[in-house]
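Single-letter residue listing:
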Amino acid sequence: MNKPDRLNRCFAKLQQEGRGALVTFLTAGDPDLETATEILLGLPRAGADIIELGMPFSDPMADGPAIQLANLRALGNGMTLQKTLDSVAKFREQDTDTPIILMGYYNPIHYFGVQGFIDAAIVAGVDGLIIVDLPPEEDEELCHPCMTAGLNWIRLTTPTSDDHRLETVLQNSSGFVYYVSIAGITGTQSAAQNSVEEAVARLKRHTDLPIAVGFGIKTAEQVAEILSVAEGAVVGSAIVNIIAQGIDAGIPSADLVNNVHKFVGELARGTGRG
Amino acid sequence: MNRPALESYRSGPDAKGHFGIFGGRYVAETLMPLILEVEKAYYQYRDDEEFREELAYFSKDYVGRPSPLYFAKRLTEELGGARVFFKRDELNHTGAHKINNTLGQILLAKRMGKKRIIAETGAGQHGVATATVCALFDLPCVVYMGAKDIERQAPNVFRMKLLGAEIVPVTSGTATLKDAMNDALRDWVANVEDTFYIIGTAAGPHPYPEMVRDFQSVIGLEAREEFLKREENLPDTIIACIGGGSNAIGLFHPFLDDESVEIIGVEAAGHGIDTGEHAASLTGGQPGVLHGNRTYLLQDDDGQIIDAHSISAGLDYPGIGPEHSWLHETGRVKYISVTDSEALDAFQLCCRTEGIIPALEPSHALAHVAKIAPKMSSDKTILMNLCGRGDKDVFAVAEALGVNIATETEKA
């Protein structure tokens, strides 16, 4: 990618400030479009440096119970891929700096149409994609068209990626590299810090891209620990749990949005921000 | 018919696991190294003499293969047309074709040094077949099963427990087979080091569709040989039912290049394709990506997977093996669908004329046989795979026929 995009600018700016990135995950349209939009619009001020927005899918195979339920809540309230793109466009009306990554599974995009989706995502202001079920073996599907169009393709690397595999995985990747710190699903256990350190060190031998670490990160202390070795820390299920706790009999409570933002603010302490 | 000029319909998949545009390896990166390892091990052992001998030994002495080719005389007379033959895979140990595959996969798992087996199951037939080989080879077995299916299939749940398996009720999503498969994949991601996932149908990431097909091809290889020996000719038409499609691809594959043989796959139309409540991925779905492969799927206009419906829990899956999707698009195999009530009629027809209680799954295939046989002349032949027996289905059938088994028994 030639021109510096939002992700490059974001990581460069954070480097200047001498701190790492808090990457926050939400499922688009969770629990409903209106509440989700309010949460989304307030995230940068709350302390999120990069936003990962989950594209709801009926069968999120790599996700644990918290994010599975978030997907079902969103879909149950009528969320669609088009509405996810619309949410990004709305966010961009007020924020042109904070990078947004869409994360999800391939089938809704496959159905939407690959080129149509890429075009719409770029127009909406999406900065990159993480597609869980598209390994390098299937790069022709979406990765190559994305890179051609200038949309970042962010790879997941895992504890099962050995040096040989990393070469394959990192070949077509841009923006940053997402290190999945446990072999498992989202929102379950946390990795031991020393295993993360080793893994990030190994990744850095293979790539100059910033590294963000995720899976099982729940507290500001964990964020700080991760950011002592990596450029970004991703928090997902813990945020999604705050949303789940704020729903009573299907109705979001009055303080749900505020509680999410408060929690993100708390996590942001771990970045040394402010 | 617009068939591409293919030298063979039996040469797939390609090196990346594709049958045309279908198949592939759409899985999380955590699983990729293991998927590649399974592929390597499978290619190594499938031609290994000791592996083949061990598989042949257990297939014969434990499963009871070869299964007979049977001329269904009374059924033929009743239908009045083509002569109908059954491949009797319902006579296998555990009562269905499923064990052909679980046996092959567990022999591979053992050679890969895996210490723990997981499986998904819908009706419970694959779960039982997996629990069976796990008992035989002394490996711990965890079976994921939708909470709704556990309710519907209590006898199979108990069977699996007797065989020593742990049953994990799946409450995620819609709590049915597709969710059981999701949860099995989630387990696998978390236990990549020591666990082997025995997938029950010819679907999933490469090499599963190929591997399961190969293990099930024993059905077609035997049937082809048996038929040639008995009739000195090939059958005119071969028919099998399709959920994921493992028994069907097992029967079809050895016949794919026999041009004279018409091949028909029967999907479950549930309450009818128009009602939206069916399990006919090819007839009523579109290509998509789920559970590791590109194939025809039941999905809505946002690409969300829709639940399948069929009276037969074994056909109740919103996808289909990728090779079937390819055979559908090439036109080599004709795919049609049969409703719940047509299958119920065929179920009773088989009981009455042949003294065989068939599973509801092959009852779908039989329903189509009953439609076409009368229109064919008596010198024509139809070979149908009777892939499972119906003991497991008597409760579901009783309910569908409005019979209360408990009170009927009292009356008797």
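Our structure is the block above this text.
Sequence order sets the numbering: in each chain, residues are counted from 1 along the sequence as written. Whichever chain is written first is A, and whichever ligand is written first is 1; the rest continue in order. Selection of residues for local features in this predicted model requires a pLDDT of at least 70, selection of side-chain atom pairs for listing and counting requires 80 or more, and totals for whole chains, interfaces and linings are taken over all residues. The side-chain values count all of the structure's non-hydrogen atoms but skip hydrogen atoms and water molecules.

*Asks:* Run through the pattern of salt bridges, naming residues and quoting values.
*Replies:* A side chain of one charge can pair with a side chain of the opposite charge if their charged atoms are brought near each other. Residue and element names in this part refer to chain B. The working definition used for a salt bridge is a side-chain nitrogen of Lys or Arg within 4 Å of a carboxyl oxygen of Asp or Glu. Summed over all chains, the structure comprises 42 salt bridges over all chains. Taking the shortest distance from any N to any O, the salt bridge between R65 and E222 comes out at 2.8 Å. Here R65, found in the loop between α2 (49-63) and β3 (69-71), pairs with E222, found in helix α9 (residues 208-231); they are 157 residues apart in sequence, far enough to count as distant. In this structure, R65 and E222 share a single accessibility class: buried. Between R224 and D258 there is a salt bridge whose closest N-O contact spans 2.8 Å. Highlighted residues: R224 in helix α9 and D258 in the loop between α10 (246-252) and β10 (262-270), separated in sequence by 34 residues. The rule is simple: take the accessible area with a 1.4 Å probe, protein chains only, and divide by the maximum for that residue type; under 20% is buried, over 50% is exposed, in between is partly exposed. The partly exposed category is assigned to R224, whose relative accessible area is 24%. With relative accessibility at 12%, the residue D258 sits in the buried group. To qualify as a helix, a DSSP run of H or I must reach at least 4 residues; to qualify as a strand, a run of E must reach at least 2; elements of each kind are numbered from the N terminus.

*Asks:* Explain the sheet that holds strand β12 (residues 292-297) of chain B to me, using residue names and the numbers behind them.
*Replies:* All names here are of chain B. Two strands qualify as a pair provided DSSP detects at least 2 bridges between them. Taken in spatial order, the four strands make up an open sheet running β1-β2-β12-β11, and their pairing is antiparallel. Each having just a single partner strand, β1 (18-19) and β11 (286-290) make up the two edges of the open sheet. When β11 meets β12, the two strands line up antiparallel, connected through five bridges. Bridging across to β12, Q286 finds its partner in L297.

*Asks:* I'd love a proper account of the packing of aromatic side chains, names of residues and values included.
*Replies:* Residues and elements named next belong to chain B. Any two rings among Phe, Tyr and Trp, with Trp reduced to its six-membered ring, count as a pair given centres within 6.5 Å; such a pair is stacked if its planes are under 30 degrees apart, edge-to-face if over 60, and tilted if neither. As enumerated under the stated definition, the model contains 19 aromatic pairs over all chains in all. With a centroid separation of 4.9 Å and 70° between ring planes, the pair formed by F85 and F227 is classed as edge-to-face. With F85 in strand β4 (residues 83-87) and F227 in helix α9, this residue pair connects regions lying 142 residues apart in the sequence. Joined through ring pairs, the aromatic side chains of Y42, Y43, Y45, F51 and F215 make up one cluster. The ring of Y70 carries the charged tip of R88 above its face, separated from the ring centre by 5.4 Å. A ring is considered to have a charge above it if a Lys NZ or an Arg CZ atom is located within 6 Å of its centre and within 35 degrees of its normal. Looking at R111, its charged tip hangs above the ring of Y45, at a distance of 5.8 Å from the centre.

*Asks:* Summarise the nonpolar core; cite the residues concerned and give the values.
*Replies:* Here the nonpolar core consists of buried residues drawn from Ala, Val, Leu, Ile, Met, Phe, Trp, Tyr and Cys, with membership extended through side-chain atoms lying within 4.5 Å. Ranked by size, the top nonpolar core spans 91 residues in total, and within it Y178 of chain A together with L108, W188, F196 and Y197 of chain B carry the most contacts. Those residues in contact with W188 of chain B that sit more than four places away from it in its chain are L31, L34, I35, I118, T195, F196, Y197 and Y208 of chain B. Counting residues in each nonpolar core, the second largest holds 66 residues, with F91, I217, A230 and A268 of chain A among its members. In what follows, residue pairs with any heavy atoms lying within 4.5 Å of each other are defined as contacts.

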